[in-house]
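Reading the structure
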Amino acid sequence: MPFIQNTDADRAEMLKAIGVGSIEDLFKDIPANLRLKMSDASMLKLPKGKGELEVTRHIHELLAKTKNAGDYAYFRGGGIYNHFVSTLIDHIALYDGSFITAYTPYQPECSQGTLTFIYEFQSSITALTGLEVANASMYDGASALAEAMMMGKHVSEDRHRKENRNTFVLAGAVNPEYLQVCKTYADVAGLKVVQVATGADGRVDGQALAKALTRKVFAVAVQSPNYLGVIEDVEAVVAAAKENEILVVQAVGEALSLALLQTPAEAGVDVCVGEGQSLGNHQFLGGPAFGFFASKKDWLRKMPGRIVSETKDKDGRRAFALALATREQHIRREKATSNICTNQSLCALRALIHIAAWGKQGFVELAEHTVAKTQYAISKLTSVPGVKLAHTGAPVFNEFVIQAVPGLEKKLLKKKVAGGLPLDKYGKGRRGQYLVAITEVTTKADIDRYAEALTEAMKGKPVAV
Amino acid sequence: MTTALANPAEAILFEVSKPGRRCLRLPELDVPKVDIKAALKGAKLRAKPAPLPEVGELDLVRHFKNLAQKNFSVDRNFYPLGSCTMKYNPKINVTLLSLPGFTKAHPHLPEADLQGHIELMVTLEKWLSEISGLPAVTLQPAAGAQGEMTGLMVIKAYFESKGEGKTRTKVIIPDSAHGTNPATAALAGFTPLTLKSTADGSVDLAALKAMIGPDTAAMMITNPSTLGILEPNMVEIAKLLHTAGAQLYMDGANMNAIQGMVRPGDYGVDVMHFNLHKTYSVPHGAGGPGAGPIAVASHLEPYLPTPRPVRNADGTYSLDSKRPDSIGKVRSFFGNYGALVMAYIYMAQLGREGVRRNGENAVLNANYLRAKLRGVYHIQNDKACAHEVVFTDKTQNAEHHISALDIAKRMIDYGIHPMTIYFPQPNVVGGQGAMMVEPTETESKETLDYFVVVMKKIASECKDNPEIVKTAPHTTPVSRVDEKTATTNPQLYCPMCIA
């Protein structure tokens, strides 16, 4: 029988040892009338079990009804990116059972493998962000931002005891998925989420932001590069938040940008969160990947999530262990900093292998490569008649928004081009705009094909204004 | 760099790093080279490259393979960690998950390209609905704790729609509950009330009755309880809550025991969550990712997160976001879809008979251990247990001053991962250190017999050679770890990662 090793003879022997006549005797605390009868097919309407061959065939049939990024010249991002994933990662993290079939490292003596890689992961996030404390990872970028919001509230409760600050400000173009998750968390916590508009250059409108950052605000978050691909002036946000002692959070949608851009620590933010998918994690329709969470050490004891520390064993050898569990739900219960009980260890491991496999130099080259391709794509696509950049005057990293006309998507898909993500649904001002994403996987040929198909699709269309 | 640690196998990645080494290289740039500073004009750049490790491929592989050897895992060790359901994770899960149809499935592909994925989600929802006896399911929560939160948010939205949002502020939680329950209730804006359990670990109906009032929003109950006991009064508990206009939430962490035997909806449960990483073989991944879908009664369905995968009348599939009463999103996109795929593959193999068989064998295995170790270790509630059995250190502590922790650490020397010892809390196991053992259905009788032999051996060591137990483990890469210093003086990163 699949996955069960007890034979009928084993079962008989075990029942005898227990001293009951049948397995069902062990379920007597369930009222008899509620116990499902296997003889009655209307109870528990599940299909008959399939063997490995049948299941494999079935999965291939399901996948035949799908297309993926590999089927197109692919230009969609918006939080999940079509990166190359080294085979090294799957060999270590997926096919070797040593990490994937282990549990949370509560017993450090037989979990040094996990604890060491988490410590190395934390160190890598520190290297990328410059912030001294990073946790062992969160569910995703969106919930990491929501957790940063909750942390901001807790910090403010300590710092501004009598003020009861209740507003969380999102400065400019934050990923709508992040915004929605923050709103869901804020609703039940009784917090207010306010989004400040972007200016013409795609960056947050500085004047509107300054106005919004009152003493009612406990934290402000800015995404950079933001959802429109534009690199924000994070330092300016930090400066604007200073007067009213507002916690500043930077969200990062494309972690590769950290290779080149001013670090969150250099910009002076308190907390940096982000989506880690682009670091060695497959797309999987958006998950699982992981969120990273790093902070200035001032807020260590308010931080959510698991944390690993170096320590020693009783013989003085270096060892690693979970630390600061007193913040967590299994000790603090309703007073915990968060209800989170898991992290996304395996996805964090993937990120670590990715970072190490590219290495210090390779990681920078990867980012530079992306910048070069992005610049080429901008020049190529904006040379199509009727197409221009939606935002000018501020730099972009791997994504940018073009202004064309609505309704191009299907025509491009027919030409095997998954062009930029249509932004029409994000408001009137976004009509005919497309968010274009570039990765190292994108080739010159892909970009040329996109430009060609776009030229074709734009023929006879009124020129965008 | 590293002088203190000569063996590279003992070094961390940052210490084996050497400038110029690497594993991966890029293809030649096929577009014009750009000046980075000019291309990013207006952006502030980092002062120095991130101080990431530089390693060659062999050193990288060897590093992680060495780490792998320092881990216990289900693939190599019996792992009877109570409440965690460390069952075997079939290899086909990861093989099929590695198909490009999954790995390159981008969430912003048009709906027409996602038909097979949406179909998979709709089918998985249907299966979980059938097992729970509740009509609607969302797969979006990324973990059990997020499932709990989603469930309470849904309950809150329901009461708000009835104009009772302001008055129903309390959530009743038994003292035996997992710590996530009260933490979640607080996070969701409720006040948790602790309900004391009876001596045998079940719900005290009289105390519950006294606690329920017009301000009760819900009760969160774990069934089977965290003491591994089936709650005998589920139907009465549901009735008490419903009569008072409140909701019953069931924490499905222990669903492995009762799947296919009873549908929680038939008890009167209004919301429950599944832990697909426990019950349906999604690997635990050294702490995650998991997936924590919730199933709800029909009156709560309008409040589930969006988008909802749906099957249309013409047989096509869509993602429905037009749901005005929805609580919104709790996780970006569709949750941990990769985890959902693994659960789907597993459940397709189990089928109807397999689901039932898993529950039956999980309970049989746990009761077998209870019978075989009775008299060796104290059992607080020595009656038929569900999928796990809770022993305590009462005897060993009283006679030899040896704690559950010491016994757990000694198990490691015999190649068995320790059982759960930090939970349940001593106040619900008669003041003793708990030792919660969950063998799962996938272990053979021979493995269980070996476990019994080991546990008896350790019990006799407690008498004859207590030092060997108190100083265990002796066979691991590190001896007992100083966890206190990890907290009092945390060192959270390698000094080399700060440039």
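Residues numbered from 1 in each chain as written. Chains lettered and ligands numbered in written order. Predicted model: local features only at pLDDT ≥ 70, side-chain atom pairs only at ≥ 80, totals over all residues. Heavy atoms only, no water.

Per the secondary structure count, chain A includes 14 helices and 15 strands. Expressed as lengths along the three principal axes of its C-alpha atoms, the size of chain A is roughly 80 × 60 × 50 Å. Going through the 465 residues of chain A one by one, you find that 66% of them count as buried. By element, 51% of the accessible surface of chain A is carried by carbon and sulfur atoms, the whole surface being about 15,700 Å². (Helix = DSSP H or I, 4+ residues; strand = E, 2+ residues; numbered from the N terminus. Buried < 20%, exposed > 50% of the residue type's maximum accessible area, 1.4 Å probe, protein only. Areas by Shrake-Rupley, 256 points an atom, 1.4 Å probe, with all protein chains shown as cover.)

The number of helices and strands found in chain B is 18 helices and twelve strands. Relative to the compact-globule value of 23 Å for 499 residues, chain B shows a C-alpha radius of gyration of 26 Å, a close match. Principal-axis analysis of the C-alpha atoms places the extent of chain B at approximately 75 × 70 × 45 Å. Evaluated residue by residue, chain B yields a buried proportion of 67% over its 499 residues. Considering only residue pairs separated by 6 or more positions, chain B has 69% of its internal contacts joining residues 24 or more positions apart. As presented, chain B carries roughly 16,300 Å² of accessible surface, and 53% of it is formed by carbon and sulfur atoms. In chain B, 51 positive and 48 negative side-chain charges are present, and the distance between their average locations comes to 4 Å. (Rg over C-alpha atoms; globule rule 2.2 N^0.38 Å. Contact = heavy atoms within 4.5 Å. Lys, Arg positive; Asp, Glu negative; His and termini not counted. Charge placed at Lys NZ, Arg CZ, Asp CG, Glu CD.)

Each partner contributes residues to the interface: chain A has 192 residues there, and chain B has 201 residues. The contact between chain A and chain B buries some 17,200 Å² in all, and 64% of this surface belongs to carbon and sulfur atoms. Three residues, Phe3(A), Glu109(A) and Leu285(A), lead the burial of chain A against chain B; their summed loss comes to 6% of the area buried on that side. Linking chain A with chain B are 13 salt bridges. With its nearest N and O atoms 2.8 Å apart, the salt bridge here joins Lys44(B) to Glu235(A). Here chain A is connected to chain B by 94 residue pairs in polar contact (both at pLDDT 80 or more). (Buried area = accessible area lost by both parts, 1.4 Å probe. Salt bridge = Lys/Arg side-chain N within 4 Å of Asp/Glu carboxyl O. Polar contact = N/O pair within 3.5 Å; in protein donor to acceptor, adjacent residues only side chain to side chain.)

A separate point is the sheet that holds strand E8 (residues 291–295) of chain A. All names here are of chain A. Overall, mixed pairing links the seven strands, which are arranged E2-E8-E7-E6-E5-E3-E4 in an open sheet. Two strands lie at the open edges of the sheet, namely strand E2 (133–134) and strand E4 (192–196), each paired on one side alone. Across four bridges, the pairing between strand E6 (residues 247–252) and strand E7 (residues 271–275) is parallel. For Val249, the partnering residue across the bridge sits in E7 and is Val271. Across the sheet, helix H7 (residues 176–189) is in contact with strand E3 (167–171), E4, strand E5 (217–223), E6 and E7; its angle to E4 comes to roughly 155 degrees. (Pairing = 2+ DSSP bridges. Axes fitted to C-alpha atoms, helices over the stretch in contact; angles between N-to-C directions.)

So, about the domain arrangement of chain A. Residues and elements named next belong to chain A. As far as domains go, chain A holds domain 1 (69–84 + 361–458) and domain 2 (89–353). With 31 residues of domain 1 at the contact, the number on the domain 2 side is 28 residues. Taken together, the two surfaces of domain 1 and domain 2 that pack against each other cover about 2,300 Å², and 67% of this comes from carbon and sulfur. The largest share of the area that domain 1 buries against domain 2 comes from Ile80, Phe363 and Phe397, three residues that together contribute 26% of it. On inspection of domain 1 and its partner domain 2, the count reaches zero salt bridges. Where domain 1 packs against domain 2, one counts six residue pairs in polar contact (both at pLDDT 80 or more). (Domains from an automatic or database assignment.)

Of the volumes computed, that of the second largest pocket is approximately 770 Å³. If you trace the second largest pocket, you find 25 residues lining it, with Lys425(A), Pro107(B), His108(B), Leu319(B) and Ser321(B) closest to the centre. Residue assignment for the lining of the second largest pocket shows that the elements contributing at least two residues are H7 and strand E14 (421–422) of chain A. Among the elements that take part in the lining of the second largest pocket, H7(A) stands out by supplying three residues, more than any other. Of the residues in the lining of the second largest pocket, the class split is 13 nonpolar, four polar and eight charged. (1 Å grid on protein atoms, 1.4 Å probe; cavity = no way out; pocket = protein on both sides within 12 Å on 5 of 7 lines; lining within 4 Å. Points joined across faces, edges and corners; volume = space filled by probe spheres on them. Nonpolar A, V, L, I, M, F, W, Y, C, P; charged D, E, K, R; others polar.)

This paragraph deals with the side chain of Thr150(B). Residue and element names in this part refer to chain B. In this fold, Thr150 is placed in helix H7 (residues 144–161). For Thr150, a relative accessible area of 0% translates into the label buried. There is a polar contact of 2.6 Å between the side chain of Thr150 and the backbone oxygen of Gln146. For Thr150, the contacting residues outside a window of four places in its chain are Pro141, Ile294, Pro305, Ile327 and Val330.

Right, let's get into empty space enclosed by the protein. Under the definition given, this model contains nine cavities of 30 Å³ or more. Approximately 180 Å³ is the volume found for the largest cavity. Residue lining of the largest cavity: 17 residues in total, with Leu94(A), Phe284(A), Pro288(A), Leu346(A) and Pro289(B) positioned closest to the centre. Elements with a minimum of two residues in the lining of the largest cavity: helix H12 (345–381) of chain A together with helix H13 (337–373) of chain B. Grouping the amino acids of the lining of the largest cavity by side-chain chemistry returns twelve nonpolar, four polar and one charged.

Two faces belong to every sheet, and in a regular strand the side chains alternate between them. Residues and elements named next belong to chain A. By the bridge criterion, six bridges tie strand E9 (residues 307–312) to strand E10 (residues 318–323) in an arrangement that is antiparallel. Within E10, the residue paired with Val308 across the bridge is Leu322. Counting the residues in the hairpin turn of E9 and E10 gives five residues, including Gly316, whose phi is positive at 85 degrees.

With that out of the way, let us pick up the packing of aromatic side chains. Scanning all chains against the criterion turns up 16 aromatic pairs over all chains. Note on Phe102(B) and Tyr337(B): the rings are 6.3 Å apart at their centroids and 50 degrees apart in plane angle, and the pair reads as tilted. Here Tyr337(B) lies in helix H13 and Phe102(B) lies in helix H5 (residues 100–103), a separation of 235 residues in the sequence. For the pair Phe102(B) and Tyr337(B), one class covers both residues: buried. Taken together, a centroid distance of 6.4 Å and an interplanar angle of 70 degrees make the contact between Tyr158(B) and Tyr303(B) edge-to-face. Note that Tyr158(B) is positioned in helix H7 and Tyr303(B) in the loop between strand E7 (294–296) and strand E8 (308–311), a separation of 145 residues in sequence. Using a relative accessible area of 14% as the deciding quantity, one classes Tyr158(B) as buried. Above the ring of Tyr72(A), the side-chain terminus of Lys416(A) is found at 5.5 Å from the ring centroid. Between the NZ or CZ atom of Lys156(B) and the centre of the ring of Phe190(B), over which it lies, the distance is 5.4 Å. (Phe/Tyr/Trp six-rings, centres within 6.5 Å; stacked < 30°, edge-to-face > 60°. Lys NZ or Arg CZ within 6 Å of the ring centre and 35° of its normal.)

Another aspect to go through is unusual backbone geometry. Residues and elements named next belong to chain A. Residue Pro225 follows Ser224 across a cis peptide bond; omega there is -10 degrees. Position of Pro225 among the secondary structure elements: in the loop between E5 and helix H9 (234–242). Residue Pro288 is bonded to the preceding Gly287 through a cis peptide linkage, with omega at 5 degrees. Checked against the element boundaries, Pro288 lands in the loop between E7 and E8. Positive phi, close to 65 degrees, is recorded for Leu44, a residue that is not glycine. Relative to the helices and strands, Leu44 resides in the loop between helix H1 (8–18) and helix H2 (52–64). The exposure class assigned to Leu44 is buried, which follows from its relative accessible area of 0%. Look at Asn164: it is not a glycine, yet its phi comes out positive at around 50 degrees. Tracing the chain through its elements places Asn164 in the loop between helix H6 (141–159) and E3.

Their axes nearest at 10 Å, the elements helix H3 (residues 87–94) of chain A and helix H3 (residues 57–69) of chain B cross at an angle of 15 degrees. As judged from the angle between their axes, H3(A) and H3(B) are roughly parallel. Every pair of crossing elements has a handedness; the one defined by H3(A) and H3(B) is right-handed. Facing H3(A), whose interface residues are Leu88(A), His91(A) and Ile92(A), H3(B) presents Glu57(B), Leu60(B), Val61(B), Phe64(B) and Lys65(B). Taken together, the residues of the contact of H3(A) with H3(B) sort by class into five nonpolar, one polar and two charged. (Parallel < 35°, antiparallel > 145°, perpendicular 65-115°, else oblique. Left-handed = near helix turned anticlockwise from the far one by under 90°.)

Turning our attention to the domain arrangement of chain B. Taken as a whole, chain B is organised into domain 1 (8–69), domain 2 (94–349) and domain 3 (358–485). Using only C-alpha atoms to locate each centre, domain 1 of chain B and domain 3 of chain B end up separated by 45 Å.

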